[in-house]
Amino acid sequence: MKKIICVLICALMAVPLISCGRIQGAQKYSQTAFDLFDTVVTVTAYDESQAAFDGHFNEFTALLEEYDKAYDIYNSYDGLNNLKTVNDNAGIAPVEVDGKILDLLNEGKAVYEQSGGRVNICLGAVLSIWHNYREADATAVPSVQELENAAQHTAIGLLELTDTTAYIKDSEASLDVGAIAKGYAAEQACKYAKENLWSSAVISVGGNVIAYGAGNGEGWNIAIENPKENAGDYLHTLGLTEKAVVTSADTQRYYYVDGKKYCHIINPETLFPSEYMHSVTVIADSSAEADALSTMLFNMSIDDGREYVEGLDGVEAVFVDLDYNEVFTSGFEAYIKR
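Since the structure is predicted, the reported quantities are computational estimates derived from the model, not experimental observations.

1. A short note on the nonpolar core
Formed by 74 residues in total, the largest nonpolar core has its most connected members in Phe-60, Tyr-71, Trp-198 and Ile-203. Contacts of Ile-203, omitting those with residues within four sequence positions, involve Thr-42, Val-43, Phe-60, Cys-190, Ala-193, Trp-198, Asn-208, Val-209, Ile-210 and Tyr-212. Counting residues in each nonpolar core, the second largest holds 18 residues, with Val-202, Ile-283, Phe-328 and Ile-336 among its members.

2. Looking at the packing of helix H6 (residues 181–196) against helix H7 (residues 287–298)
With their axes 7 Å apart at the nearest point, H6 and H7 run at an angle of 170° to one another. Here H7 runs roughly antiparallel to H6, going by the angle between their axes. Here Ala-181, Lys-182, Gly-183, Tyr-184, Ala-186 and Glu-187 of H6 lie close against H7, whose contacting residues are Ser-287, Ala-288 and Asp-291.

3. Structural notes on the pattern of salt bridges
Per the counting criterion, the structure on display carries 12 salt bridges. With its nearest N and O atoms 2.7 Å apart, the salt bridge here joins Lys-194 to Glu-242. In this pair, Lys-194 is assigned in helix H6 and Glu-242 in the loop between strand S9 (234–240) and strand S10 (243–249), connecting sequence segments 48 residues apart. In this structure Glu-242 comes out as partly exposed when scored by relative accessible area, which is 39%. The partner of Lys-260 in a salt bridge is Glu-275, with the nearest N and O atoms 2.4 Å apart.

Conventions and cut-offs
- Here the residue numbering is sequential within each chain, running from 1 through the sequence in written order.
- Reporting in this predicted model follows two pLDDT cut-offs: at least 70 for local features of residues, and 80 or more for side-chain atom pairs to be given and counted; totals over whole chains, interfaces and linings ignore these cut-offs and use all residues.
- By convention in this description, side-chain values take in all heavy atoms of the structure and omit both hydrogens and water.
- Buried Ala, Val, Leu, Ile, Met, Phe, Trp, Tyr and Cys residues form a nonpolar core when they are joined through side-chain atoms within 4.5 Å.
- To sort residues, take the accessible area from a 1.4 Å probe on protein chains only and compare it with the maximum for the residue type: under 20% means buried, over 50% means exposed, and anything in between is partly exposed.
- Should any heavy atoms of two residues lie within 4.5 Å, those residues are counted as being in contact.
- Axes here refer to lines fitted to C-alpha atoms; in helices the fit is confined to the stretch in contact. Angles between the N-to-C directions go from 0 to 180 degrees.
- Helix and strand definitions here come from DSSP, where helices need a minimum of 4 consecutive H or I residues and strands a minimum of 2 consecutive E residues; each element is numbered from the N-terminal end.
- Should an angle fall under 35 degrees it is called roughly parallel, over 145 degrees roughly antiparallel, and 65 to 115 degrees roughly perpendicular, with every other angle called oblique.
- Whenever a carboxyl oxygen of Asp or Glu lies within 4 Å of a side-chain nitrogen of Lys or Arg, that contact is scored as a salt bridge.

In short, geometric facts, not functional conclusions.
Structure representation (structure tokens):
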């Protein structure tokens, strides 16, 4: 249910707008996978040969696949207790899960507190209603009563965690980690890649972008999408390294009813899609932080969101309002390539 953000790449294209200086003794290679987290994963990195890069790419995507299966709320896998297993056992019994899941769920609880409830991994009962209307019907929107009934089963306190188990106390409640899962998984996988696979790379997991290494020291060039339809260009190209970039926008997973657009990012306060802006792009030190922040900020007014970001260290953002005007935090424009 989370955003598929068009940052860095255009759907099926292999990163044409990523660049970096050459590292001595290495060449730049790119490869894309299309079957992880229901989105596109692209890696551009420096390696000693095509064969070496291909082997490292396979190792990286195998690790991401472990996270993908663990965080899946729609599919079951033999021998694996994943988040679907936890949801299936809501109100029945605790489920033994591995550290990948417990770490994510603990992160989700922390993000809930930090965001004032604007990012809630226990919002599954509401998000599943919107998912069903968008995917199965796409000609109507849920009623306020239907959503309010579901919202009675979304309290973060319904999720109980121990050192080995996860349990949802309400049989009508469910987890949906789409607001944080890709960013968190990307961050963990990229830590492994940085330590074991590539010294310089830019990696996009469904638009959750992490850049490190930077070849000639000038940083990677990362293009972020313009949310205006048929704009024909990118909003900006950023020069980054040792940073993550994530965008939340109304340009993916939406539908129209009676001429009104309904995007997939649901505001827990209103139970309807947020309507503060068209997009927000966040630069932060980690993909997990940027992913959670982008959803949080999309569910806030631009003035409140800008003020919030200004109080954070190492974080910048650009908002595109409903008239396609841009609002920057104080340090964002320093990253724009002129």
